[in-house]
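Chains, contacts and geometry: an overview
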Amino acid sequence: MKILFVSSEVVPFAKTGGLADVAGALPKALKELGHDIRLFMPRYKKIEAANFGLKKVSEEIWEGKIPGSDVVIYFYENEKYFGGREELYQVKGVDYEDNLERFAAFCQATLRLPKALNWTPEIIHCNDWQSALIAAYVKLGSEPIYSRIGVVYSIHNMGYLGLFPKEKMPATGLGWDQFSTDKLEFWGKIALSKAGFIYADVINTVSQTYAKEIQTEEYGHGLDGLIRHRSRDVYGIVNGLDYDVWNPATDKNIPQRYSTISLLGKAANKAALQKQNNLPQKKETPVIGMITRLADQKGLDILAGALDEIMKLKCQFIVLGTGDPQYHELLTRAKQKYPDYIGANLKFDAMQAQLIYAGSDMFLMPSRYEPCGLGQLISFKYGTIPIVRKTGGLADTVHNFISKTGEGDGFVFQEYSSAALLDAVKRAMAAYKKKTLWKKLVEKVMDYDYSWGTSAKHYQELYARARK
Ligand code: ADP
């Protein structure tokens, strides 16, 4: 199948979250299944042609490959909207004022690709609001080739609907007839995401539980009605992991590589992690890691309420994250209060992330909602046991551990509260003390296979459906 995968971020070129991981890995797995899959993304300032060996195809298109693969990726050149921007969407928490114009331009450029490349996809796979307009362009447009293109719209996070003021409607390139509640309007604003939900042939999200959740009021962010209306076309496919990147046996970014054959390397990484965070290098002290965007979604409020109690358990807590200033403050204060127990790294740092996954004993994800979550899957591979709230992809992939039977692979809590979180942390601490049991658990999760192969086959079926 000829597939065009459109994303505003792709690892290793640009990343703010899980979408970039998916976009950098799923296409490789689909290529291995024999598909002619190519990607399209904007060329941001940091994507220098020389660094990635890009070559110019036309005024507005560059061509390259996803490193370490044969997968072709095209970049949209636009100095005003992308080439001249330091960041992807926002600076210091403030969105670029012209994000609608920027991504509408990107979507329109997508539709010029087939002519420019003399290559027409059978499937266009759009991801999140940044590429949602493509679905409307294809389904409302009059070009004959459009009628043969199946459109898939994947939503990686319902919390980001792509909301913009009504006045910007003309910049979408669509008529005012599209500004109504059954089209792109959302409480007086434009919701670009609705273009995907309404016009795509197939809608998909990144876990089965989340696919159900977004059809409920609690998780639907106001679009649950629309999604219920399309429930026959809604699917959930859990993300895989790129084990070329995430593998403690080959990871060059950690001081010591390790595998289930010997976990000594993991202990060495723990010591290195403790040292890096100026914490006492004690082998017996359990280390809880957390790597996250500092956003409301991620459960930082219930963590705040539980932190003093968690500290009483004499464990170390090492966080890496950036985002909402209120959480920067929270964690800075926590570090001041517990300098020997907390490591607060308030930045985005891919290298340091690998060390936290490798050196921690447990990994905390107390999310309010979590479409799929990659942290828990990465943690499995690194033998780091997840402590998670039972929601979305976390519910699908982490099962509560029962000491008596050895069943399960993490510590799961349901209620969104500090008390429930604390209880799960306590259960984790108790299990950690039982050395043999814990070692078995670590070895078990390290053997899990969440590679993209299986998920890619599901996407293949999804594409077939979208073409019908
Ligand atoms: P989301 O997409 O909602 O941010 P996911 O768990 O799906 O959450 O994916 C987050 C990804 O981003 C993971 O690979 C995680 O390791 C990475 N990540 C998040 N914050 C940081 C950070 N501050 N530094 C490095 N990596 C980060």
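One can find the structure itself at the top, above this paragraph.
Right, let's walk through the structure included here. (Residues numbered from 1 in each chain as written. Predicted model: local features only at pLDDT ≥ 70, side-chain atom pairs only at ≥ 80, totals over all residues. Heavy atoms only, no water.)

Concerning the sheet that holds strand β12 (residues 189-191)
Read from one edge to the other, the open sheet built from three strands follows the order β10-β12-β11, with strand pairing classed as antiparallel. Only two strands of the sheet have a single partner each, and these edge strands are β10 (163-165) and β11 (185-186). Note that β10 and β12 share three bridges and pair antiparallel. Bridge pairing in β12 places Phe164 opposite Ile190. (Pairing = 2+ DSSP bridges. Helix = DSSP H or I, 4+ residues; strand = E, 2+ residues; numbered from the N terminus.)

Overview of the packing of helix α4 (residues 99-117) against helix α5 (residues 133-140)
Packing of α4 against α5 brings their axes to within 9 Å, and their N-to-C directions diverge by 45°. If you check the angle between α4 and α5, you find them oblique. With respect to the hand of their crossing, α4 and α5 are arranged in right-handed fashion. Between α4, through Ala104, Cys107, Gln108, Thr110 and Leu111, and α5, the contact on the second element is made entirely by Leu133, Ile134, Tyr137 and Val138. When grouped by side-chain class, the residues that make up the contact of α4 with α5 number seven nonpolar, two polar and no charged. (Axes fitted to C-alpha atoms, helices over the stretch in contact; angles between N-to-C directions. Parallel < 35°, antiparallel > 145°, perpendicular 65-115°, else oblique. Left-handed = near helix turned anticlockwise from the far one by under 90°. Contact = heavy atoms within 4.5 Å. Nonpolar A, V, L, I, M, F, W, Y, C, P; charged D, E, K, R; others polar.)

Some details on the pairing of strand β4 (residues 61-65)
Taken together, the three bridges between strand β3 (residues 55-58) and β4 define a ladder with antiparallel strand orientation. Of the residues in β4, the one forming a bridge with Lys55 is Glu63. Adjacent in sequence and paired antiparallel, β3 and β4 are bridged by two residues. For β4 and strand β5 (residues 72-76), the ladder comprises five bridges, and the chain directions are antiparallel. Pairing of Ile61 across the sheet is with Tyr76, part of β5.

Here's the deal with the pairing of strand β1 (residues 2-6)
Counting buried residues along β1, four of its five residues qualify, which places the element largely inside the surrounding structure. As paired elements, β1 and strand β2 (residues 36-42) share five bridges and run parallel to each other. Counted as the bridge partner of Lys2 is Asp36 from β2. In this view, the connection linking β1 to its parallel neighbour β2 by way of helix α1 (residues 18-32) has right-handed handedness. In the sheet, β1 pairs with strand β8 (residues 123-127) via four bridges, with the strands oriented parallel. By the bridge assignment for β8, Ile3 is matched with Ile123. (Buried < 20%, exposed > 50% of the residue type's maximum accessible area, 1.4 Å probe, protein only. Right-handed = clockwise from strand over helix to strand, strands pointing away.)

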